[in-house]
Amino acid sequence: MKNISKSTGYLIVAAFWLAICLFWSTKTQAQINPCDSVEYAITSTANNNVLQLEAWVNGTCPVNFPCIVSNYSWTVCDDNLCYGDTGTTVYFQQFMTTDTIKVCLTTDMTIDTMTYTCMQCDSLVFGPNGWMLMNMGNPTGIPGFVIEEDGVRWWNDKIYDLQGRELNAIPVGKMYIRNGKLNIRRK
């Protein structure tokens, strides 16, 4: 191995750090997905099962190319049926507050001469303040058990759905939790 002088070593280290600093300071253009600029809001109240959905384009997408959305198409489904509507603001009132529903928004947008079809879907549940995203809010715990030294003991015979909400009756054809065990009633 060849020995190098101390000043040459400092020069190599300085050149290395200069290259790192230049690399970090170089601006790069992020890849732009025009579908990221389509957003929607859920409007609902605790006392009413009506679901209002409103969509919009957030600013311009990508920068310096305004988006023209020619179609807002909504599909909302529960376990049995799907309903559809078009427009920036739509209303659905066909669902029970015990349903978990899937909301999908499909938009057709034109940027310059390119046409994009964007789709986004979310699952909604009815919470204390109305319809909300399934992953929003505080997680719901399942009360009714006591942790003791030798394990977990269930002390009630209550029934819960998979989101931890207490049920009044055993659901048919759906999974439920009773006494710490996952069950399903067929008939």
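Structure report, in brief. (Residues numbered from 1 in each chain as written. Predicted model: local features only at pLDDT ≥ 70, side-chain atom pairs only at ≥ 80, totals over all residues. Heavy atoms only, no water.)

Side note on the sheet that holds strand β5 (residues 89-92)
Working step 1: Taken in spatial order, the three strands of this open sheet run β1-β2-β5, and their pairing is antiparallel. Each of the sheet's edge strands pairs with one partner strand only, and the pair in question is β1 (38-45) and β5. Direction aside, neighbouring strands of the sheet carry axes that sit 20 degrees apart on average.
Working step 2: Summarising the sheet, β1 and strand β2 (residues 48-57) pair through seven bridges and their orientation is antiparallel. Note that in β2 the partner of T45 across the bridge is N48. (Pairing = 2+ DSSP bridges. Helix = DSSP H or I, 4+ residues; strand = E, 2+ residues; numbered from the N terminus. Axes fitted to C-alpha atoms, helices over the stretch in contact; angles between N-to-C directions.)

Some points on the pattern of salt bridges
Working step 1: By the definition in use, this model includes two salt bridges.
Working step 2: In this structure, the salt-bridge partner of K174 is D79, at a minimum N-O distance of 3.2 Å. Residue K174 is located in the loop between β12 (166-167) and β13 (175-178), and its partner D79 is located in the loop between β3 (68-77) and β4 (82-86); the two are separated by 95 residues in the primary sequence.
Working step 3: Among the residues examined, D79 registers a relative accessible area of 56% and is labelled exposed.
Working step 4: A salt bridge links R165 to D161; its shortest N-O distance comes to 2.8 Å. (Salt bridge = Lys/Arg side-chain N within 4 Å of Asp/Glu carboxyl O. Buried < 20%, exposed > 50% of the residue type's maximum accessible area, 1.4 Å probe, protein only.)

Re the environment of G164
Working step 1: Examined against the element boundaries, G164 turns out to sit in the loop between β11 (159-160) and β12.
Working step 2: For the pair G164 and I177, spaced 13 residues apart in the sequence, the C-alpha separation amounts to 8.4 Å.

Side note on the sheet that holds strand β6 (residues 101-111)
Strands pair in a sheet through their backbones, by hydrogen bonds, and they do so in one of two ways: parallel or antiparallel.
Working step 1: The five strands lie next to each other as β4-β3-β6-β7-β8, forming an open sheet whose pairing is antiparallel. Two strands bound the open sheet, and with one partner strand each, they are β4 and β8 (130-133). Here the average twist between neighbouring strands, direction ignored, is 25 degrees.
Working step 2: Pairing geometry for β6 and strand β7 (residues 114-127), over eleven bridges, is antiparallel. For L105, the partnering residue across the bridge sits in β7 and is Q120.

Overview of the state of the cysteines
Working step 1: Evaluated as defined, the whole model comprises two disulfides.
Working step 2: Paired through a disulfide, C77 and C82 show a sulfur-sulfur distance of 2.0 Å. On the S-S bond that ties C77 to C82, the torsion sits near 110 degrees, and the link is right-handed.
Working step 3: By relative accessible area, C77 is classed as buried at 15%. (Disulfide = S-S within 2.5 Å.)

What about the side chain of D78?
Working step 1: Among the secondary structure elements, D78 is positioned in the loop between β3 and β4.
Working step 2: One buried charged side chain, D78, makes no salt bridge at all; its nearest oppositely charged neighbour is K174, positioned 7.8 Å away.
Working step 3: A polar contact is formed between the side chain of D78 and the backbone nitrogen of N80, at a distance of 2.8 Å.
Working step 4: Looking at D78, its side chain comes within polar contact range of the main-chain nitrogen of L81, at 2.7 Å.
Working step 5: Aside from chain neighbours lying at most four places away, what touches D78 is F95, D99, T100 and I101. (Lys, Arg positive; Asp, Glu negative; His and termini not counted. Polar contact = N/O pair within 3.5 Å; in protein donor to acceptor, adjacent residues only side chain to side chain. Contact = heavy atoms within 4.5 Å.)

Looking at a nonpolar patch on the surface
Working step 1: Among the surface-exposed residues, L162, M175, L182 and I184 lie close enough to one another that they form a single nonpolar patch of about 390 Å² accessible area.
Working step 2: With respect to the helices and strands, L182 occurs in strand β14 (residues 181-184).
Working step 3: Residue classification places L182 among the exposed positions, given a relative accessible area of 54%. (Patch = residues over 30% accessible without salt bridge, like charges linked within 9 Å, V, L, I, M, F, W, Y side chains within 5 Å. Areas by Shrake-Rupley, 256 points an atom, 1.4 Å probe, with all protein chains shown as cover.)

Fair warning: the whole summary comes from geometry, so function is off the table for now.
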